[in-house]
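Examination of the molecular architecture
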Protein chains: 2
Amino acid sequence: MAKRSLLVLACCLLSSAFAHADSDPLASWNDGEAKKAITKFVSTTCDTTSPLFVAPQDRIATFDQDGTLWVEHPIYTQCLFVLDRIRHLAKSRPELNEKEPFKTVIKGNLEEIGHFTEQDWVEILAMADAKISTAEFERDAKEWFTKARHPRFNRPFTDLAYQPMLEVLDYLRKNSYKTYIVTGGGQAFVRVYSEQVYGIPVEQVIGSLEKLQYEPKDGQPALMRLPQLFFNDNFGGKAVGIELFIGKKPKASFGNSTGDREMLEWTAAQNGARLMMLVYHDDPVREYAYGPAGGLADTHVGSFPESLMAEAKEKGWIVISMKRDWKKVFAWQD
Amino acid sequence: MAKRSLLVLACCLLSSAFAHADSDPLASWNDGEAKKAITKFVSTTCDTTSPLFVAPQDRIATFDQDGTLWVEHPIYTQCLFVLDRIRHLAKSRPELNEKEPFKTVIKGNLEEIGHFTEQDWVEILAMADAKISTAEFERDAKEWFTKARHPRFNRPFTDLAYQPMLEVLDYLRKNSYKTYIVTGGGQAFVRVYSEQVYGIPVEQVIGSLEKLQYEPKDGQPALMRLPQLFFNDNFGGKAVGIELFIGKKPKASFGNSTGDREMLEWTAAQNGARLMMLVYHDDPVREYAYGPAGGLADTHVGSFPESLMAEAKEKGWIVISMKRDWKKVFAWQD
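Keep in mind that this is a model prediction, so the values were computed, not measured.

1. Digging into the overall build of chain A
Along chain A, the regular secondary structure elements total 14 helices and 8 strands. The C-alpha atoms of chain A give a radius of gyration of 22 Å, which matches the 20 Å a tight globule of 334 residues would have. Summarising its shape, the C-alpha atoms of chain A cover approximately 75 × 50 × 40 Å along the three principal directions. When each of the 334 residues of chain A is scored for burial, the buried share is 54%.

Here you go:
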């Protein structure tokens, strides 16, 4: 009986060892410089005999979200959510139909909305956020996701995470890396789906922050969202966010636009192992092409100017070509 | 051989079970309402058959630091550090010797310093923090701790954590609770010793924040501390800090002053299991007595007015009497 148990145990161990050897953790990646950079980084930093070994408590990897982990075109998902909120508000506040930029929002032409100035967006966000609690925001955002569909792919936004990047997240976590989202988008918005879509718990979502105020509401304390940006987690703000929320430099970071430049610079500025990667959108057939790959106008959505490509080349940051490096973009795509 | 291995395994399991039954995780606590509240909270929330069971990912416990986890009298440790910085600065900037509040700082009478206004402290902090990077701050604070001694106990400050609270931290963690510090003090300062003293990693330290700015310095990017408070993690700010850094309500929270009131209210405002506790300083012999226990003037250090005691009684928050509930205060004390 005892002998038989040991035999069963041995078989289990062997089959698990074979399963590991067989399965490619980055199955949706084509062989190439990008895939090799990731596997080499993980194997060397997790090898106790390597001079580049990283202790498990220092295995930190940070990921921009929009355009790095999921689709950001034709417009950030959170913007679509906010536009829908304005349309909903207009039902009880008809004066919004007469006033810009709300008039254009209600009309709903994405191209016209694409020309909004920063001031337009500040007014829209302030209007959308006024006087709701964190709990109400979460409830509303969750509900919105059940109905909203991407204008091109006609699928829930939660289907639009990049399969190859989900594999990177999993692969890193299986090797004791703690994965964080560091997004210019709103922390509260991304937290609504971060666990479900990316397996990233809410406390590992760093993002832009609205000012919150503690106040009693209906006899119970609530945190009210004030229509005021408290922290802009973009550009240099990404390095600041990493310091405040993690307190350690990431060993690997992944971005796709100028908003991620400082996060990559911050990651690069240390001795020992580190990996800096940029997702480059050059695949208009399966997703989009923008930046130097042309196609879409270089708007504020996912700005990837020639200067970023030049910096990447100069500094040895690895550029991931969506077209060349990814076997598939989405789990549901052939 | 296989049989013998099984026997060894069984013995190990048995001895480990006995070890668990034998050792009291809260050995420095006297039997009483406070100790019972903690053990009951842990056993019910970790019992899958209990209606008050809490899933491991929701097991969050938050702790104020000064006065809750370690000594805060006669003045917050961080204030002593900042005062020493001013004295150091004055060596190269003699004009500080002529100007208040710096003149009083340099003179060094703690009673006079105790009368500083908030504006005095703002000027002192601004002067102490000007133009140093996060890395320089960490280096300086670490070095300070190697030399600084508490004026009464004449020991390094890192010796002044309360042994009973260290046991609570350990006990909670052994039961899959994630422990966080939520301090009105500076996050960067507490992070210097949080792992060493409390076993709490830097990413689980929430505190007041200086404004940080990303900038290249000597050709390398640095985060510079600006002499400007970015976030006050006190009063309602503690609930805000918890939302931003954790994104979930704690199931247990521990404080000792009015600055912790909203954290406890926020913890209380949920269904299911929750535990709210206040450390009450009524032990002038082994530590200090302040608040309604009298003794020390109720300054801005650890304010515990009658109204907080009344709120605790009314709401069923458990007050920990240092004198009655703790067998010992410090590990090194008899």
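2. Side note on the environment of Met276 of chain A
Residues and elements named next belong to chain A. With respect to the helices and strands, the residue Met276 is situated in strand β7 (residues 275-280). A residue is classified by how much of its surface remains accessible, and Met276, at 9% relative accessible area, is buried. The spacing of Met276 and Thr68 is 208 residues in sequence and 13 Å in space, taken between C-alpha atoms. Filtering out sequence-adjacent residues up to four positions away, Met276 remains in contact with Ser253, Leu264, Thr267, Ala268, Trp317 and Ile318.

3. What to know about the sheet that holds β7 of chain A
Residues and elements named next belong to chain A. A sheet is described by the order of its strands in space; here 8 strands give the open sequence β2-β5-β4-β3-β1-β6-β7-β8, paired in mixed fashion. Across the chains shown, the open sheet's two edge strands, defined by having one partner strand only, are β2 (132-133) and β8 (318-321). Against the sheet, helix α2 (residues 33-45) engages β6 (252-255), β7 and β8, with an angle of about 150 degrees to β7.

4. Looking at unusual backbone geometry
In the segment running from His73 of chain A into Pro74 of chain A, the intervening peptide bond is cis, with an omega of 0 degrees. Residue placement: Pro74 of chain A occurs in the loop between β1 (60-63) and α3 (77-92). We note that Phe235 of chain B has phi near 55 degrees; this positive angle belongs to a residue other than glycine. Along the chain, the position of Phe235 of chain B falls in the loop between β5 (220-231) and α11 (236-245). Its relative accessible area of 40% is what places Phe235 of chain B among the partly exposed residues.

5. Some thoughts on the environment of Met322 of chain B
Residues and elements named next belong to chain B. As for its position among the elements, Met322 is in helix α14 (residues 322-325). When the C-alpha positions of Met322 and Arg286 are compared, they lie 9.0 Å apart, and in sequence the two are 36 residues distant. Not counting chain neighbours up to four residues away, the residues in contact with Met322 comprise Tyr162, Val279, Tyr280, His281, Asp282, Asp283, Arg286, Glu287 and Val329.

6. Some remarks on the relation of the copies chain B and chain A
Each copy superposes on the other: chain B lies on chain A with an RMSD of 0.0 Å after a rotation of 180 degrees and an axial shift of 0.0 Å. Such a combination of rotation and displacement between the chain copies is what one expects of a two-fold axis. When the interface residues of chain B are mapped onto chain A, 100% of them again lie at the interface, so the same face is used by both copies.

7. Some thoughts on the interface of chain B and chain A
Each side of the interface is counted separately: chain B has 31 residues, and chain A has 31 residues. For the chain B and chain A pair, buried surface summed over both sides reaches about 2800 Å², with 68% attributable to carbon and sulfur atoms. Interface area lost by chain B to chain A is led by Tyr214, Phe230 and Leu244 of chain B, which between them contribute 23%. Our enumeration of links across chain B and chain A arrives at 2 salt bridges.

8. With respect to the sheet that holds strand β8 (residues 318-321) of chain B
All names here are of chain B. Across the sheet, 8 strands lie side by side as β2-β5-β4-β3-β1-β6-β7-β8; this open sheet has mixed pairing. One side of each edge strand has no neighbouring strand; the edge strands of this open sheet are β2 (132-133) and β8. Inspection of the sheet shows β2 paired to β5 by 2 bridges, in the antiparallel sense. Along β5, the bridge assignment pairs Ser133 with Met224. Together, β1 (60-63), β3 (178-186), β6 (252-255) and β7 (275-280) form the strand contacts of helix α12 (residues 261-268), whose direction differs from that of β6 by roughly 165 degrees.

9. Looking at the pattern of salt bridges
According to the stated counting rule, one finds 40 salt bridges over all chains in the structure shown. Residues Lys178 of chain A and Glu203 of chain B are paired through a salt bridge, measuring 3.1 Å at the closest nitrogen-oxygen approach. Of this pair, Lys178 of chain A sits in strand β3 (residues 178-186) while Glu203 of chain B sits in the loop between α10 (194-198) and β4 (205-217), placing the two residues on different chains. You can call Glu203 of chain B buried: its relative accessible area is 14%. Several salt bridges share partner residues, and in doing so they unite Arg261, Glu265, Glu311 and Lys315 of chain A into one network.

10. Overview of the packing of helix α2 (residues 33-45) of chain B against helix α8 (residues 163-174) of chain B
Residue and element names in this part refer to chain B. Here α2 crosses α8 at 10 degrees, and the two axes come no closer than 10 Å. For the element pair α2 / α8, the angle class is roughly parallel. In the crossing of α2 with α8, the sense of the turn from one axis to the other is right-handed. Between α2 and α8, the contacting residues are Ile38, Thr39, Phe41 and Val42 on the first element and Val168, Tyr171 and Leu172 on the second. Per-class residue counts for the contact of α2 with α8 are 6 nonpolar, 1 polar and no charged.

11. Examining the packing of α3 of chain A against helix α6 (residues 118-129) of chain A
Residues and elements named next belong to chain A. At their nearest, the axes of α3 and α6 sit 9 Å apart, and the two run at 60 degrees to each other. Classed by the angle they form, the pair α3 and α6 counts as oblique. Note on packing geometry: the crossing formed by α3 with α6 is left-handed. Facing Cys79, Val82, Leu83, Arg85, Ile86 and Leu89 of α3, the residues of α6 in contact are Trp121, Ile124, Leu125, Met127 and Ala128.

12. With respect to the pairing of β7 of chain B
The two faces of a sheet get side chains in turn, since along a regular strand they alternate between them. All names here are of chain B. With 6 of 6 residues buried, β7 lies mostly within the body of the structure. The alternating pattern of β7 places Leu275, Met277 and Val279 and Met276, Leu278 and Tyr280 on opposite faces, both of which are buried. The pairing of β6 with β7 spans 4 bridges and is parallel. Pairing of Ala252 across the sheet is with Leu275, part of β7. In this fold, the crossover linking β6 to β7 by way of α12 has right-handed handedness.

13. Considering empty space enclosed by the protein
According to the stated counting rule, one finds 3 cavities of 30 Å³ or more in the structure shown. Size it by volume and the largest cavity reaches roughly 80 Å³. Forming the walls of the largest cavity are Lys178, Tyr180, Glu203 and Phe245 of chain A together with Lys178, Tyr180, Glu203, Gln204 and Phe245 of chain B. Taken together, the elements giving at least two residues each to the lining of the largest cavity come down to β3 of chain A together with β3 of chain B. Of the residues that constitute the lining of the largest cavity, the class distribution is 4 nonpolar, 1 polar and 4 charged. Estimated volume of the second largest cavity: approximately 50 Å³. Looking at the second largest cavity, the residues that line it are Leu209, Phe230, Phe231, Leu244 and Phe245 of chain A together with Leu209, Phe230, Phe231, Leu244 and Phe245 of chain B. Elements that contribute at least two residues to the lining of the second largest cavity include exactly β5 (220-231) and α11 (236-245) of chain A together with β5 and α11 of chain B. Across the lining of the second largest cavity, the residue classes break down as 10 nonpolar, no polar and no charged.

Parameters at a glance
- Residues numbered from 1 in each chain as written.
- Chains lettered and ligands numbered in written order.
- Predicted model: local features only at pLDDT ≥ 70, side-chain atom pairs only at ≥ 80, totals over all residues.
- Heavy atoms only, no water.
- Helix = DSSP H or I, 4+ residues; strand = E, 2+ residues; numbered from the N terminus.
- Rg over C-alpha atoms; globule rule 2.2 N^0.38 Å.
- Buried < 20%, exposed > 50% of the residue type's maximum accessible area, 1.4 Å probe, protein only.
- Contact = heavy atoms within 4.5 Å.
- Pairing = 2+ DSSP bridges.
- Axes fitted to C-alpha atoms, helices over the stretch in contact; angles between N-to-C directions.
- Least-squares fit on C-alpha atoms with pLDDT ≥ 70 in both.
- Buried area = accessible area lost by both parts, 1.4 Å probe.
- Salt bridge = Lys/Arg side-chain N within 4 Å of Asp/Glu carboxyl O.
- Parallel < 35°, antiparallel > 145°, perpendicular 65-115°, else oblique.
- Left-handed = near helix turned anticlockwise from the far one by under 90°.
- Nonpolar A, V, L, I, M, F, W, Y, C, P; charged D, E, K, R; others polar.
- Right-handed = clockwise from strand over helix to strand, strands pointing away.
- 1 Å grid on protein atoms, 1.4 Å probe; cavity = no way out; pocket = protein on both sides within 12 Å on 5 of 7 lines; lining within 4 Å.
- Points joined across faces, edges and corners; volume = space filled by probe spheres on them.

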